[in-house]
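# Descriptive structure summary
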Amino acid sequence: MEEKPTVETRDLPALETGKTSESVVVPASGPEREAIVKRLKLKLDLRLVPYLALLYLFNALDRGNIGNARLAGLEAGTHLSGNDFYNALSFFYFGYTISQIPNMFILKRVTPSVLVGVTMILWGICSTSMAAAKNYSGLVAARFFMGVFEAGIGPAAPIILSFFYLRHELAWRAALFYGSSTFAGAFGGLIAYGVATNLAHERLAAWQLLFIIEGIPTIALGFITIFVLPNSPESLERWFVTPEEKQVAIERSRSGHNADSSLIDKRQLWAALKDYKNLFTCLIYIGLNIPLASFTSFLPTIVKLMGYSEATAQLMTVPPYACAIVCVFAMCWNSDRTQRRGYHVAASASLACLGYILLISSTNVKANYTGACFVAMGLYPVVPLMLSWVANNNVGHTKRAISIAMLNTFGQCFATVGTQIYKNKTAPRFFMGYGICLAFTVVMIVLSLALSVVLNRENNRREAKHGSPKILSSEEQQAAIDGGIYDDHPSFRYFI
């Protein structure tokens, strides 16, 4: 049900805010419209996607810097002992989990720029305040509330992107957004190395400087976001797009099943909760988040136990993330090109499987380090692939928002397991942690392939029963949504 041009040209009223009454002439097909679409996408690719990527970079940086801070003396500075460090990691995910669905309801009532900007300011304050933690209680409180507020941007981003891009354009843009988390891993290691080797302060330890240096820019960026993040095609400014480009943006948004005008639709809420596809995707995301949470938090420790010094270990965390960046972009670009999601999830998870097998089976440092690189290459592409898959296959604002919130809620809930599986007593081989992660990557492979098969059969069934899909107008889409017909519509085809 993607946008497909018709043969006529139509005059449409200007959609700029203000009192203008002029008409905007938008070609419905042909080279002129293609040129308008090309200019529009280029502008969005240069403004919206990089800005969202920058926001998520700081999100991932603030979330994961505790692993680097551990090597810089966090445990001694806050008097942690026993399982205190692991529990502090878990409390972040407790906060993140409980705020997922509330944030989706808030997103229906406030603009995305306000939700993302305000939550950035608040999580930046929490991240910076960890520098002042003197004990376990203070650290846990800061981590918990940072999790509560960081849940604002992750689920909101695919919703925002789906307003501006068609279904087959989404994964590549989501990769640019979520791929910034791999940049954060690389930058985090570089910043930690720089702090450990070049910065010294009489009153502040290296781990405290790390939280301050990475937390304060987040607060500043949050204030900027409130004013500069586009909220919808209707809100695009005159200085950014021409009236024709704005009209095309609105038409593209509607053709992507964004014609839902309701605030919160209870029927869509229940439809999301009862949808079998969401059960599959939640289980796949659980399989992802257990190894991903453990990798993000424990990579510096794992690398150090390979025999590197603390400062060198910080630096050696960079190459695995660099490898992951390449894989994220390659997998998601090809996923959009082929319009296949599940097969790419399975392929990525297979790389992670190979990495864990190397980590479990070998005592060679080079083999283990190679295994860590394969794990990063396999885990990180799955995040944008899964979020794009869910956004692609759910029609209606509320249903899409709740489906993404469910995905993140279940995934982040089980991420707490990943924070508890690399116990000191199992070092340096970490058989228990690696074994659990390997098992869940296999779960990802099996379930993603199974869901692809199920969705392909459903597409074939609809094709045989109803024929080729009809291109619905925004009015027809709204009528279907009002009638309780979402992605079950005969003209809808799933991304597999």
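Residues numbered from 1 in each chain as written. Predicted model: local features only at pLDDT ≥ 70, side-chain atom pairs only at ≥ 80, totals over all residues. Heavy atoms only, no water.

### Considerations on unusual backbone geometry
A cis geometry characterises the amide bond from Ala427 onward to Pro428, with omega recorded as 0°. One non-glycine residue, His79, adopts positive backbone phi at about 60°. Examined against the element boundaries, His79 turns out to sit in the loop between α2 (74-77) and α3 (84-98). At Gln339, a residue that is not glycine, the phi angle is positive and equals roughly 55°. Mapped onto the elements of the fold, Gln339 is located in the loop between α15 (318-338) and α16 (342-361). (Helix = DSSP H or I, 4+ residues; strand = E, 2+ residues; numbered from the N terminus.)

### Examining the confidence of the model for the chain
Model confidence for the chain is summarised by a mean pLDDT of 86, while 92% of its residues fall at 70 or above. Considering only residues more than four positions removed or in separate chains, one finds that residues 1-22, a stretch of pLDDT under 50, has 55 contacts. (pLDDT = per-residue confidence, 0-100. Contact = heavy atoms within 4.5 Å.)

### Examining the pattern of salt bridges
Any two side chains of opposite charge can pair, on the condition that their charged atoms come close. Counting across every chain of the model gives 18 salt bridges. Measuring nitrogen to oxygen at the nearest pair gives 2.7 Å for the salt bridge that ties Arg461 to Glu458. Of this pair, Arg461 and Glu458 are both found in helix α20 (residues 431-466), three residues apart, which corresponds to roughly one turn of the helix. The class of Arg461 is partly exposed, set by a relative accessible area of 40%. When salt bridges with common partners are traced through the structure, they connect Asp275, Lys277, Lys399 and Asp487 into a single cluster. (Salt bridge = Lys/Arg side-chain N within 4 Å of Asp/Glu carboxyl O. Buried < 20%, exposed > 50% of the residue type's maximum accessible area, 1.4 Å probe, protein only.)

### What to know about the packing of aromatic side chains
Counted under the stated rule, the structure contains 23 aromatic pairs. Note on Tyr86 and Phe298: the rings are 5.7 Å apart at their centroids and 25° apart in plane angle, and the pair reads as stacked. On the criterion of sequence distance, the pair formed by Tyr86 in helix α3 and Phe298 in helix α13 (residues 276-304) is long-range, its members being 212 residues apart. Exposure class is identical for Tyr86 and Phe298. Each is buried. For the ring pair Phe92 and Tyr93, a centre distance of 5.1 Å and an interplane angle of 85° mean the geometry is edge-to-face. (Phe/Tyr/Trp six-rings, centres within 6.5 Å; stacked < 30°, edge-to-face > 60°.)

### Brief notes about the environment of Tyr356
Note that Tyr356 resides in helix α16. Linking Tyr356 and Tyr193, residues 163 residues apart in sequence, is a C-alpha distance of 26 Å. If near-sequence neighbours (up to four positions away) are discounted, Tyr356 is found in contact with Pro291, Val375, Leu379, Tyr422, Tyr434, Cys437, Leu438 and Thr441.

### Comments concerning the packing of α13 against helix α17 (residues 365-379)
One can describe the packing of α13 onto α17 by two numbers: an axis separation of 11 Å at closest approach and a directional angle of 130°. Relative to α17, α13 is oriented oblique. Seen from above, α13 lies across α17 with left-handed handedness. Contacts between α13 and α17 pair Leu288, Pro291, Leu292, Phe295 and Leu299 from the former with Ala372, Val375, Ala376 and Leu379 from the latter. When grouped by side-chain class, the residues that make up the contact of α13 with α17 number nine nonpolar, no polar and no charged. (Axes fitted to C-alpha atoms, helices over the stretch in contact; angles between N-to-C directions. Parallel < 35°, antiparallel > 145°, perpendicular 65-115°, else oblique. Left-handed = near helix turned anticlockwise from the far one by under 90°. Nonpolar A, V, L, I, M, F, W, Y, C, P; charged D, E, K, R; others polar.)

### Brief notes about empty space enclosed by the protein
Summed over the entire model, instances satisfying the criterion amount to seven cavities of 30 Å³ or more. A volume near 430 Å³ is recorded for the largest cavity. Looking at the lining of the largest cavity, the elements with two or more residues in it are α1 (31-71), α3, α9 (180-198), α13, α18 (382-392) and α19 (397-418). Sorting elements by how many residues they give to the lining of the largest cavity places α1 first, with eight residues. (1 Å grid on protein atoms, 1.4 Å probe; cavity = no way out; pocket = protein on both sides within 12 Å on 5 of 7 lines; lining within 4 Å. Points joined across faces, edges and corners; volume = space filled by probe spheres on them.)

### Details of the nonpolar core
Counting 136 residues, the largest nonpolar core has Leu379 and Tyr422 as the members making the most contacts within it. Considering every element that reaches this core, the biggest residue donor is α1, with 17 residues. In this view, Leu379 contacts Leu288, Pro291, Leu292, Phe295, Ala352, Tyr356, Thr441 and Met444; residues no more than four positions away in its chain are not counted. (Core = buried A, V, L, I, M, F, W, Y, C linked by side-chain atoms within 4.5 Å.)

### Considering the state of the cysteines
Tallied over the entire structure, the rule returns zero disulfides. Counting only cysteine sulfurs, Cys327 is the nearest neighbor of Cys332, a cysteine outside any disulfide, at a range of 9.1 Å. Judged by its relative accessible area of 0%, Cys332 is buried. With no disulfide of its own, Cys413 has Cys282 as its nearest cysteine by sulfur position, at a separation of 11 Å. On the accessibility criterion, Cys413 (38% relative accessible area) is partly exposed. (Disulfide = S-S within 2.5 Å.)

### Quick look at α1
Given 3.6 residues to a turn, an α-helix orients residues that are three or four positions apart in the same direction. In a regular helix each residue adds 1.5 Å, so 41 residues correspond to 60 Å; α1 covers 57 Å between its end C-alpha atoms and thus fits that length. Maximal helix bending in α1 amounts to about 40°, located at Gly64. Two residues or fewer past α1, Gly73 is found with a positive phi of approximately 105°. (Expected span 1.5 Å × (residues − 1). Bend = angle between axes of the 7 residues up to and from the residue.)

### Side note on the environment of Ala352
Inspection of the secondary structure assignment puts Ala352 in helix α16. Along the chain, Ala352 and Gly378 lie 26 residues apart, while their C-alpha atoms are 4.3 Å from each other.

### Topic: helix α4 (residues 100-107)
Among all positions of α4, only Gln100, Asn103, Met104 and Leu107 are buried. An end-on view of α4 places all buried positions within 100° of arc, on one side of the element. Against the buried residues of α4 lie α3, α5 (112-129), α6 (136-150), α7 (153-164) and α19. (Arc of directions from axis to C-beta.)

### Observations regarding the packing of α1 against α6
Packing of α1 against α6 leaves a shortest axis separation of 11 Å and a crossing angle of 155°. Looking at the two axes, α1 sits roughly antiparallel to α6. Between α1 and α6 lies a crossing of left-handed hand. Contacts from Asn59, Asp62, Arg63 and Ile66 of α1 reach α6 at Arg143, Met146 and Glu150. Its residues placed into classes, the contact of α1 with α6 shows two nonpolar, one polar and four charged.

### So, the environment of Phe298
We classify Phe298 as buried; its relative accessible area is 1%. Taking C-alpha positions, Phe298 is 34 Å from Glu169, a pair spaced 129 residues apart along the chain.

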